[in-house]
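Observations on the three-dimensional arrangement
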Amino acid sequence: MPGFGNIPALEDELIIGRVLARATRNFEQAEISRPGFEAQYLLLAVLHINKATLFLSLKNRMKARQAEQFNTMVNRRLQGEPLQYIVGSVEFWSKNFHLTPDVLIPRHETEFVLEQTVALLKSQFPCPQKLRLLDMGTGSGVIADVLAGELGCHVLGVDISAPALAVAARNITEHQLEKRVALICSDLFTAISRARKFDCIVANPPYIAKHEKEELADEIIQFEPGKALFAGDDGLDCYRRLIPESSALLHPGGWLMLEIGSSQGEAVSLMLHDAGYRSISIELDYSGRSRFACGKKE
């Protein structure tokens, strides 16, 4: 893809409206799907202003160092890097979360899973603030963060990746949830004492099948961590360990709640049943696809 070019020396070329228009043209030429939106997104991050202020500032000049920073960001986007990694953050559940390429970019599917999780826990437990939850595969920490914030409960966030846990720790600290969220590095449950018991385990594990890789956008394959995306030939490898091992860490009456792939509802339901879970349910997301699976330990 073509580069954005050097920052022009002429001061008039640092006018915000011209800089924005030039970036938008470059994105259009590179066939980026939302050229105007993405150019604005990056420019807002550089200038540290909101959209309303941006449109009131189009005739103003930006500083040369800001123009250089914007130029670098635009070139990174032209090379296919996701906006969220370039900016280093993402809005999720009306919160701002720090991101690096060590973690997946949180998506709307996970917000749906959280909506289902919060609603189910509130309906099943009269005092949700007393719950002890486990977030398996916490990544950037969004699930642990949201559950602790929404329910007022304690959450243990678990991930096999130390760099991912560093990202989660930063988010937990910035949202002032250190007293309610603890983090641990573990390959699934291996580093967690079986003496510990939880009321609910929530997990968004890797669930993309190897053959589905071709269906993903290039920027996902090139920039997001593959270990957090792919789970064997059928996408079920992680569930084959997680589901049977989870029961030992749940109180009787505790719940396992999972984000799943759109074609995995039947297979995951069978795994939950074979592992002794009951009250099994598969919920469709807003696109009509299987996305949330849950089961209750008898």
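Report follows, based on the coordinates.

About the thresholds
Starting afresh in each chain, residues are numbered from 1 along the sequence in its written order. At least 70 in pLDDT is required for a residue's local features to be given in this predicted model, at least 80 for side-chain atom pairs to be given and counted, and no such filter applies to totals for whole chains, interfaces and linings, which use all residues. Heavy atoms from the whole structure form the basis of all side-chain values; hydrogens and water molecules are not counted. In this analysis, rings of Phe, Tyr and Trp, with Trp reduced to its six-membered ring, are considered paired at centre separations within 6.5 Å, and the interplanar angle assigns stacked below 30 degrees, edge-to-face beyond 60, and tilted for intermediate values. Exposure categories follow from relative accessible area, calculated using a 1.4 Å probe and restricted to protein chains: below 20% of the type maximum is buried, above 50% is exposed, and the middle band is partly exposed. Elements are defined by DSSP. Helices are runs of H or I of four residues or more, strands are runs of E of two residues or more, and each kind is numbered from the N terminus. Only when the NZ atom of a Lys or the CZ atom of an Arg is both within 6 Å of the ring centre and within 35 degrees of the ring normal do we say a charge sits over the ring. When DSSP finds at least two bridges between two strands, those strands are taken to pair. For this analysis, a salt bridge means a side-chain nitrogen from Lys or Arg found within 4 Å of a carboxyl oxygen belonging to Asp or Glu. Note on definitions: a residue-residue contact is assigned when non-hydrogen atoms from the two residues lie within 4.5 Å. Angles run from 0 to 180 degrees between N-to-C directions of axes, and those axes are lines fitted to C-alpha atoms, restricted for helices to the stretch in contact. We call two directions roughly parallel when the angle between them is under 35 degrees, roughly antiparallel when it is over 145, roughly perpendicular when it lies between 65 and 115, and oblique otherwise. Each helix crossing is assigned a hand: it is left-handed if the near helix lies turned anticlockwise from the far helix by less than a right angle, otherwise right-handed if that turn is clockwise. Nonpolar residues are Ala, Val, Leu, Ile, Met, Phe, Trp, Tyr, Cys and Pro. Charged residues are Asp, Glu, Lys and Arg, and all others, Gly as well, are polar. Buried Ala, Val, Leu, Ile, Met, Phe, Trp, Tyr and Cys residues that are joined via side-chain atoms within 4.5 Å together make up what is termed a nonpolar core. Any helix carries an expected span of 1.5 Å times its number of residues minus one. Note that the arc is defined by the directions from the helix axis to the C-beta atoms. Here a polar contact means two N or O atoms within 3.5 Å. Within protein one must be a hydrogen donor candidate and the other an acceptor candidate, and residues neighboring in sequence count only if both atoms are side-chain atoms.

Focus on the packing of aromatic side chains
The final tally for this structure, using the stated rule, is 3 aromatic pairs. Consider the rings of Phe-92 and Phe-97, whose centres lie 6.1 Å apart with planes at 75°: the pair is edge-to-face. Exposure remark for Phe-97: the relative accessible area of 0% places this residue in the buried category. Residues Phe-112 and Tyr-286 carry aromatic rings whose centres are separated by 5.2 Å and whose planes lie at 80° to one another, so their mutual orientation is edge-to-face. A residue pair is termed long-range when its members are at least 10 positions apart, and Phe-112 in helix H6 (residues 108-124) and Tyr-286 in the loop between strand E8 (277-284) and strand E9 (290-297) qualify at 174 residues. On the basis of relative accessible area, Phe-112 is assigned to the buried category, the value being 4%. Residue classification places Tyr-286 among the exposed residues on the basis of a relative accessible area of 68%. Cation over ring: Lys-213 sits above Phe-230, and NZ or CZ is 5.6 Å from the ring centre.

Observations regarding the pairing of strand E6 (residues 198-203)
In terms of residue burial, E6 counts as a mostly covered element, since 6 of its 6 residues are buried. Bridge count for strand E3 (residues 132-136) against E6 is 4 bridges, and the pairing is parallel. Bridged to Leu-133 within E6 is Cys-200. Across 5 bridges, the pairing between E6 and strand E7 (residues 250-259) is parallel. In the sheet register, Ala-203 faces E7, and the bridge partner there is Leu-258.

Examining the pattern of salt bridges
With the rule as written, the count across this model stands at 12 salt bridges. With a shortest N-O distance of 2.5 Å, Glu-38 and Arg-77 are connected by a salt bridge. Pair noted here: Glu-38 is in helix H2 (residues 35-47) and Arg-77 is in helix H4 (residues 64-78), with a separation of 39 residues, a long-range link. In this structure, Glu-38 and Arg-77 share a single accessibility class: buried. Taking the shortest distance from any N to any O, the salt bridge between Arg-240 and Asp-234 comes out at 2.4 Å. The exposure class of Asp-234 is partly exposed, given its relative accessible area of 31%. Through salt bridges with shared partners, a single network forms among Glu-38, Arg-77 and Glu-219.

Considerations on the side chain of Ser-247
Topologically, Ser-247 is positioned in the loop between helix H10 (237-246) and E7. Exposure remark for Ser-247: the relative accessible area of 16% places this residue in the buried category. Filtering out sequence-adjacent residues up to four positions away, Ser-247 remains in contact with Tyr-277 and Lys-297.

Examining the packing of H10 against helix H11 (residues 265-274)
What describes two packed helices is the angle between their axes and the distance between those same axes. Contact geometry of H10 with H11 gives a least axis separation of 9 Å together with a crossing angle of 30°. What the angle tells us is that H10 and H11 run roughly parallel. Read as a crossing pair, H10 and H11 show a hand that is right-handed. Across from Tyr-239, Arg-240 and Ile-243 in H10, the residues of H11 making contact are Val-268, Met-271 and Leu-272. Partitioning the contact of H10 with H11 into residue classes produces 5 nonpolar, no polar and 1 charged.

A short note on the nonpolar core
Grouped together as the largest cluster of nonpolar side chains are 37 residues, with contacts concentrated most on Leu-121, Leu-133, Leu-147, Val-155 and Met-257. Elements with a contribution of two residues or more to this core: strand E1 (89-92), H6, helix H7 (142-151), helix H8 (162-174), E6, E7 and E9. Counting 29 residues, the second-largest nonpolar core is a separate cluster that includes Ile-201, Ala-203, Met-271 and Ala-293.

Things to note about H8
The terminal C-alpha atoms of H8 lie 19 Å apart, and with 13 residues this matches the ideal 18 Å at 1.5 Å per residue to within 8%. Buried residues of H8: Ala-164, Leu-165, Val-167, Ala-168, Asn-171 and Ile-172, and no others. In a view along the axis of H8, the buried residues occupy a sector of 155°, so they form one face of it. Turning to H8, the residues buried within the fold contact strand E2 (95-98), H7, strand E4 (154-159) and strand E5 (181-185). For H8, the capping residue at the N-terminal end is Ser-161, with a side-chain oxygen 3.1 Å from the backbone nitrogen of Ala-164.

Quick notes on H4
In a regular helix each residue adds 1.5 Å, so 15 residues correspond to 21 Å; H4 covers 21 Å between its end C-alpha atoms and thus fits that length. Of all the residues in H4, the buried ones are Gln-66, Ala-67, Phe-70, Asn-71, Met-73, Val-74, Arg-77 and Leu-78. The buried residues of H4 all sit within an arc of 170° when viewed along its axis, so they share a single face. Contact partners of the buried residues in H4: helix H1 (16-29), H2, helix H5 (83-87) and helix H9 (218-223). At the C-terminal side of H4, Gly-80 shows a positive phi close to 100°.

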